[in-house]
Amino acid sequence: MNTPKRYTITTALPYTNGPIHIGHLAGVYVPADIYVRYLRLTGNDVVFIGGSDEHGVPITIKAKNEGVTPQDIVDKYHAIIKKSFVDFGITYDNYSRTSAPIHHETASEFFKTLDAKGEFIEETSEQLYDAAANQFLADRFVIGTCPKCGNEESYGDQCENCGTSHNATDLINPKSAITGNVPTLKQTKHWYLPLDKHEDFLREWILEGHKKDWKPNVYGQCKSWIDDGLRPRAVTRDLDWGIPVPAEGGEGKVLYVWFDAPIGYISSTKEWAAREGKDWEPYWKDKDTKLVHFIGKDNIVFHCIIFPAMLKAEGSYILPENVPANEFLNLEGNKLSTSKNWAVWLPEYLEDFPGQQDVLRYVLTANAPETKDNDFTWKDFQARNNNELVAIFGNFINRVVVLTNKYYEGAVPTPSAFEQVDEETLATVKAYPDVIASSIERYRFREASQELMNLARLGNKYLADAEPWKVIKVDAERTKTIMYVALQIASALATLSEPFLPFTSTKLKNILNHTALGTETTWKEVAIKEVLLPAGHKIGEAELLFSKVEDETIQKQLDKLEASKKANEAANKVVEPQKDTINFDDFTKLDMRVGTIIEAEKMPKAKKLLVLKVDTGIDVRTIVSGIAESFTPEEVVGKRVTVLVNLAPRALRGVESEGMILMTESEDGKLVFVNPDTDNVANGLTIS
Ligand SMILES: [Zn+2]
């Protein structure tokens, strides 16, 4: 497209059944915010749209489990999610929610338009039905085996293992998620969007039209979808939570969450326009508007196939210019998981790292899963913070500000003649706006963040090579020139860091007293202005931009994850199945007594065995027990224990063992005595 007149930028609507974590931030929200901040800095007309996705089955399941209403669930998480976005500097022009009346109205109208144009097929078919719950089983109410990859825990609408989207009736061995029952088939009517009818358009628009500018991962997924052949998709569900189907026969049915959610971008734009006294329509209907959807890879089909087919069918809307979907971020080598609590939650991060939003923004960008799944590790977080933000960016700024205050009482000095290195350095600085912009405009945010760091590196190296702290002793004029050049680099960094490190950028602009410049420097001015900070301009005192992250801090985070892992293992530990039934006579054959260990020593040359002398009340006998890896001899002397006394004696390494001490095992694999934990039971008492 030609130079766009305006931009409409949307981000995937977070689903309101939990808070958001670093994976969401890295995959969608930080890149979108970098893009939008850059567009604003370059003087573009842009609206940045977001909102909470509050319909669909998982919310109703969560509400049921917690004994509250779906509205309670979405109210709670909408507030938490919205706050996280504000906290991390995601600068939405509007953040709405799909339970808002304006959205119900917009989605309803959209459906009615398509219905009136005959864009739907109405079809009565057999759907899975849970008779015990008196309910049709849509989407996540069904669990079964994925027909494509064999994952036994696939949901009715989508397999999380292979990403395939399917119908609940496609699942092998379906089970109701509500009752666990095997569902039956029952007839119900639904509205379908015939995607097959749009196949030619999609093929031409994506496979021909966006071969070069869409990311290979996005293009590849679309191609495989289209090549597989598109089928009609139901856009309604038998459910009572959502937007009622506005058509005859729609009673008891709602719009499929994936039909209504993307329309949320439009309703959120309408909400913004009404508040700001603007016209929303050019942002969605003018051919000169560039529409970009930021999403994660699990949403590609909905944003590249289904929503565009809906927009095309409606007829008056533009289509997205690009959908720069990211791959997934893993955490310490494992898939991020809400249910397993394997995540870094944003509210928790801020408690542990107050005021350090930019560090997370930076690390997630520098390591963004743009072309493949990537791993977030706390060690990398620490290294990026200490070696890049602190040692390069922070160190450079601190030196410049401290020295300017020390030598010139905070006033930018008047330079004398530039040497070649000064000229070259200033020319390089001027090239950075274009270099960084080129990466941003191609959605290469990792690359862009590294170019920004390269600019800080340039400043750091310039200062380290020029050594003004030495030159000041011999050449006052030369020192002025060096500090003048360094101050120009610092000012360029203040402007160009804004999309990536917005909190730091604000702090730095304050330190450099940018407000005294009259108007804030724009992106382009960094490239063309001869002087960013003029001689005589007064800057403020030094203030630390970043602080070192210590090993203990990182260890605490690793310990937290370790605790999650342990809890998961405990929850997933397979309980051994019950053994065959025995009769009472079998049980009474076992003679178990209360006993006390009175002596213990290690069995020579055996790692696991202790030789014990046990007072069984009947006698004192020798028992060889395999507990040496869990206990030292000293630890067990005096222990009250349960002894099986009529076990046939057997020789272990030449020592005859006359009985067995009953043990169990704790979660971490340590043996535990099954002991009579009361003092007034005497040795020899039987256990029955
Ligand atoms: Zn699968």
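Quick caveat: nothing in here was measured; it's all calculated off a predicted structure.

Examining the sheet that holds strand β7 (residues 154-155)
Piece 1. In space, the three strands of this open sheet follow the order β7-β6-β8, with antiparallel pairing throughout. With one partner strand each, in any of the chains shown, β7 and β8 (172-176) form the two edges of the open sheet.
Piece 2. Across two bridges, strand β6 (residues 142-145) lies against β7 in antiparallel orientation. If you follow Gly144 over to β7, its bridge partner there is Ser154.

Overview of the pattern of salt bridges
Think of it this way: side chains of opposite charge can pair up when their charged atoms draw near.
Piece 1. Under the definition given, this model contains 40 salt bridges.
Piece 2. For Arg361, the salt bridge is made with Asp33, and the minimal N-O distance between the two is 2.7 Å. Here Arg361 is found in helix α11 (residues 357-366), whereas its partner Asp33 is found in helix α1 (residues 22-41), with 328 residues between them in sequence.
Piece 3. For Arg361, a relative accessible area of 0% puts it in the buried group.
Piece 4. A salt bridge links Glu276 to Arg275, with the nearest nitrogen and oxygen atoms 3.4 Å apart.
Piece 5. Overall, the relative accessible area of 44% leaves Glu276 in the partly exposed class.
Piece 6. Through salt bridges with shared partners, one network takes in Asp33, Arg37, Arg361, Glu498 and Lys509.

Section: the packing of aromatic side chains
Note on aromatic pairs: each is described by the distance of the centres and the angle between the planes.
Piece 1. According to the stated counting rule, one finds 38 aromatic pairs in the structure shown.
Piece 2. With a centroid separation of 6.0 Å and an interplanar angle of 45°, the aromatic rings of Phe88 and Tyr349 are classed as tilted. Pair noted here: Phe88 is in the loop between α3 (70-87) and β3 (94-97) and Tyr349 is in helix α10 (residues 346-352), with a separation of 261 residues, a long-range link. Tyr349 carries the same exposure label as Phe88, and that label is buried.
Piece 3. Geometrically, the ring pair formed by Trp272 and Tyr283 is edge-to-face, given 5.2 Å between the ring centres and 85° between the ring planes. In this pair, Trp272 is assigned in helix α7 (residues 257-276) and Tyr283 in helix α8 (residues 282-285), connecting sequence segments eleven residues apart.
Piece 4. Note on Trp272: relative accessible area 6%, which makes it buried.
Piece 5. In textbook terms, an aromatic cluster arises when at least three aromatic residues are bridged by ring pairs, as seen for Phe110, Phe111, Phe120, Trp191, Phe259, Trp280, Trp284 and Tyr317.
Piece 6. Across from the ring centre of Tyr283, 5.8 Å away, lies the NZ or CZ of Arg6, which sits over that ring.

Quick notes on the rules
- Residues numbered from 1 in each chain as written.
- Predicted model: local features only at pLDDT ≥ 70, side-chain atom pairs only at ≥ 80, totals over all residues.
- Heavy atoms only, no water.
- Pairing = 2+ DSSP bridges.
- Helix = DSSP H or I, 4+ residues; strand = E, 2+ residues; numbered from the N terminus.
- Salt bridge = Lys/Arg side-chain N within 4 Å of Asp/Glu carboxyl O.
- Buried < 20%, exposed > 50% of the residue type's maximum accessible area, 1.4 Å probe, protein only.
- Phe/Tyr/Trp six-rings, centres within 6.5 Å; stacked < 30°, edge-to-face > 60°.
- Lys NZ or Arg CZ within 6 Å of the ring centre and 35° of its normal.

Functional significance is not addressed by these values, which are geometric in nature.
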